[in-house]
Amino acid sequence: MSPGISPGFLAMIFVILFLLPSLVTTVGETIYDVADILWIQYSNPSPTSYATSTCVSGNYLYVIGYPAIIEKRSIYDGSLISSWNGSSYSEFLLLSDCTVAGDKLVVVGVEGSNWYAGRWIILGFDLDLNLMESYLGNYSPPSGALGVTYDGRYVYVSGFGSDPGTEEWVVEKRDPSALGVVLATYNISPSIGGVMSNLPRAIRVNPVTRDIWVVGSMGFNNSSDMMWIEILSANLTRISSINSTKYYGATGIVFDEDGYAYITLGYSGTVLKLDMYGDIVGSLKLDFSPAIKIAYARGLIYVFGTNELYNERKQYLQVLDKNLKTIAFKSLAQGSFLWVGKASSDSDRVYIAGYVIGPEGGSYSWIIYSFGTGGRAYYTVTATTTKTTTTTVTTTLPITVTTTKTESYTYTATTTLTERRTIYYPFSVPYVITTTTSIIVTTTATETITIQGVNNTRTSVLRELIVNMPLSILLLALGLTIGFLTRYIKTKT
């Protein structure tokens, strides 16, 4: 016998891979219930913290408030991405509202320690919250910027300015690429009632007419302030003015895709519906008062406010359809929403920020909500099953054969989520978002068959990988090899 081969030294392993794919596809949908709370986040920048406004850009939510804090959060779970602290600024700041203009976050407010003695200020950040520019308004104290909006080309800021003995509404048109340049200005004094008697509380752009609507109050004293609305052209010339002693002062405004305006009227706890010309076409008395902030998404109006009876100060949400019929009502946390700033929305969620009161009653924290909008997400799930069979054959002369069979099953589930959304502002642009997720699960089963013969044999393993080869060919090769080796051993002995 050859010195390299003995009767107890023979082995060969053949690995056989059989790919047996199968394909299963299912289709379903996920429904977001109207007014469902998707997430809540709390923030406590200081013992007395008030969040004022929110605005959205892509996958990020920006929240601003007192004491001069801006937070960038994920729209999906509200987790904090980054923040900016106004303590790095040279003066004390009160931030009232924000908007995203392209690649810039524009924030407005007051430079000063209180709303009644400061100066109008505009801040420009990049979307990572790096302060790029800041500008003071050309108005004597007290003055302040309270609202800001963007029409796709220009930034519009509304606020109040003062001259000795008078106070007036001010609206400015600015270029987002050069916020320091005022392109047009509109001034009006709704009434003469002293400092802080006239406040333009919100500003928005009608998506149909492209007109600028500014809403607020005259004669403000928390109980008898009256509604005032200014409708301006894109160049800030007056189109019409609407004022009425029949209604309390306006606190917020949104538009639907047909150009109808929905306006909250503070202490009357009322929502008005106006056509694009400013004519009132509907109204609803809410289940709480005051009505403070308002948002629009997927054909529904989300109205937020509090109930200040008996010092309760609890937050509420009432959801209306475009005919001002109530769709949903929710009682929220103990706390309130500030009168400055706004709620915001995208096609999937509505966002609002306010404050909650600590158990001891002397501390306040931010509270940030995300609500569902009743949208449907259609999805398909494709499951691919791959069966992998591994067979190991060990031969030990003269008569021991051990067969080990290992089968692995790999299931790959591919989920394709397709959401069809329509952006109504500033233009109607339908688009589709598709995401794919793969899930792989592997299970292994082992089968061993042993035919016992002569013991105390030596085994040498020779590994050779054969992929995608038919079973019949492999078995034939196995048989020929065993026969050849058997004859070779006999010849040598």
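Going by the structure above, here's the rest.
Presented here is an overview of the structure given in this document. Throughout, a residue's number is its position along its own chain's written sequence, starting from 1. Per-residue local features are limited, in this predicted model, to residues with pLDDT of at least 70; the limit for side-chain atom pairs, both in listing and counting, is 80 or more; totals at the level of whole chains, interfaces and linings are taken over all residues. The side-chain numbers reported here are obtained from all heavy atoms of the structure, hydrogens and water having been left aside.

Broken down by element type, the chain carries one helix and 34 strands. Only protein chains enter the accessibility calculation, which uses a 1.4 Å probe. A residue is then buried if its area is under 20% of the maximum for its type, exposed if over 50%, and partly exposed in between. Per-residue burial over the chain gives 48% buried out of 493 residues. Whether two residues touch is decided by their heavy atoms; if any such pair falls within 4.5 Å, the residues are in contact. Look at the contacts in the chain between residues 6 or more apart in sequence, and 54% of them connect residues 24 or more apart. Every helix listed is a DSSP run of H or I at least four residues long, and every strand listed is a run of E at least two residues long, numbered separately from the N terminus.

Now for the state of the cysteines. Two cysteine sulfurs form a disulfide in these notes if their separation is within 2.5 Å. Here the structure, examined in full by the defined rule, presents one disulfide. Here Cys-55 pairs with Cys-98 through a disulfide, and the sulfurs are 2.4 Å apart. Measuring handedness by torsion sign, the sulfur bridge of Cys-55 and Cys-98 sits at about -125 degrees and is left-handed. On the criterion of sequence distance, the pair formed by Cys-55 in strand β4 (residues 50–57) and Cys-98 in strand β8 (residues 93–101) is long-range, its members being 43 residues apart. Given a relative accessible area of 5%, Cys-55 falls into the buried group.

The next point concerns the nonpolar core. Judged by nonpolar contacts, the single largest core of 20 residues is most densely connected at Tyr-302, Phe-304, Leu-317 and Phe-371. Every element with two or more residues in this core is listed here: β24 (291–297), β25 (300–307), β26 (314–321), β27 (326–336), β29 (349–357) and β30 (364–373). Tyr-302 has contacts with Val-34, Ala-35, Lys-293, Ile-294, Ala-295, Ala-297, Leu-317, Gln-318, Val-319, Val-350, Gly-372 and Thr-373, leaving out every residue within four places of it along the chain. Among buried residues, those of type Ala, Val, Leu, Ile, Met, Phe, Trp, Tyr and Cys that are joined through side-chain atoms within 4.5 Å constitute a nonpolar core. Counting 17 residues, the second largest nonpolar core, distinct from the first, contains Cys-55, Ala-68, Leu-105 and Phe-125.

Paired through their backbone hydrogen bonds, the strands of a sheet run either parallel or antiparallel. Here we have four strands laid out as an open sheet, ordered β16-β17-β18-β19, and antiparallel in their pairing. A single partner strand is all that each edge strand has here, and the edge strands are β16 (199–205) and β19 (238–248). Going across the sheet, the axis of each strand differs from the next one's by a mean of 15 degrees, ignoring polarity. In this analysis, strands are considered paired if DSSP registers two or more bridges between them. As paired strands, β16 and strand β17 (residues 212–218) are joined by six bridges and run antiparallel to one another. Bridged to Pro-200 within β17 is Gly-216. The angle between two axes is taken between their N-to-C directions and runs from 0 to 180 degrees, where each axis is a line fitted to C-alpha atoms and a helix contributes only its stretch in contact.

Our focus in this paragraph is the pattern of salt bridges. Each salt bridge in this description consists of a side-chain nitrogen of Lys or Arg and a carboxyl oxygen of Asp or Glu lying within 4 Å of one another. Inspection of every chain in the model, using the stated rule, returns ten salt bridges. Arg-73 is the partner of Glu-71 in a salt bridge, and the nearest nitrogen-oxygen pair spans 2.9 Å. Neither residue differs from the other here; Glu-71 and Arg-73 are each classed as buried. Here Lys-72 ties to Asp-128 by a salt bridge, and the two come within 3.1 Å at their closest N and O atoms. Of this pair, Lys-72 sits in strand β6 (residues 69–74) while Asp-128 sits in the loop between β10 (119–126) and β11 (131–136), and the two are 56 residues apart along the sequence. Among the residues examined, Lys-72 registers a relative accessible area of 6% and is labelled buried. If you follow the salt bridges from partner to partner, you end up with Glu-257, Asp-258 and Lys-322 in one network.

Once that is clear, we can look at the environment of Gly-252. With respect to the helices and strands, the residue Gly-252 is situated in strand β20 (residues 252–255). Gly-252 gets classed as buried once you look at its relative accessible area, which sits at 6%. Measuring from C-alpha to C-alpha, the distance between Gly-252 and Val-303 comes to 9.4 Å, with 51 residues separating the pair along the chain. Not counting the four nearest positions on each side in its chain, Gly-252 is found in contact with Ala-202, Val-215, Tyr-262, Ile-263, Thr-264, Ile-292 and Ile-294.

So, about a nonpolar patch on the surface. Among the surface-exposed residues, Ile-37, Ile-40 and Tyr-42 lie close enough to one another that they form a single nonpolar patch of about 270 Å² accessible area. Among the secondary structure elements, Ile-40 is positioned in strand β3 (residues 34–43). By definition, no residue in a patch forms a salt bridge, and every one has over 30% relative accessible area; like charges are joined within 9 Å, nonpolar side chains (Val, Leu, Ile, Met, Phe, Trp, Tyr) within 5 Å. Here the accessible surface of atoms and residues is derived via Shrake-Rupley with a 1.4 Å probe, and residues count as covered only by protein chains that are part of the display.

With that settled, the discussion passes to the environment of Gly-159. With respect to the element layout, Gly-159 can be found in strand β13 (residues 155–163). Among the residues examined, Gly-159 registers a relative accessible area of 0% and is labelled buried. When the C-alpha positions of Gly-159 and Trp-169 are compared, they lie 6.0 Å apart, and in sequence the two are ten residues distant. For Gly-159, the contacting residues outside a window of four places in its chain are Trp-120, Gly-144, Ala-145, Leu-146, Glu-168, Trp-169, Val-170 and Pro-200.

A sheet is described by the order of its strands in space; here four strands give the open sequence β20-β21-β22-β23, paired in antiparallel fashion. If you trace the sheet from one side to the other, it starts and ends with β20 and β23 (280–285), each paired once. Along the sheet, successive strands turn relative to each other by an average axial angle of 20 degrees, direction set aside. For β20 and strand β21 (residues 261–265), the ladder comprises four bridges, and the chain directions are antiparallel. Across the sheet, the residue bridging to Phe-255 is Ala-261, located in β21.

In short, shape yes, function no, at least from these values alone.
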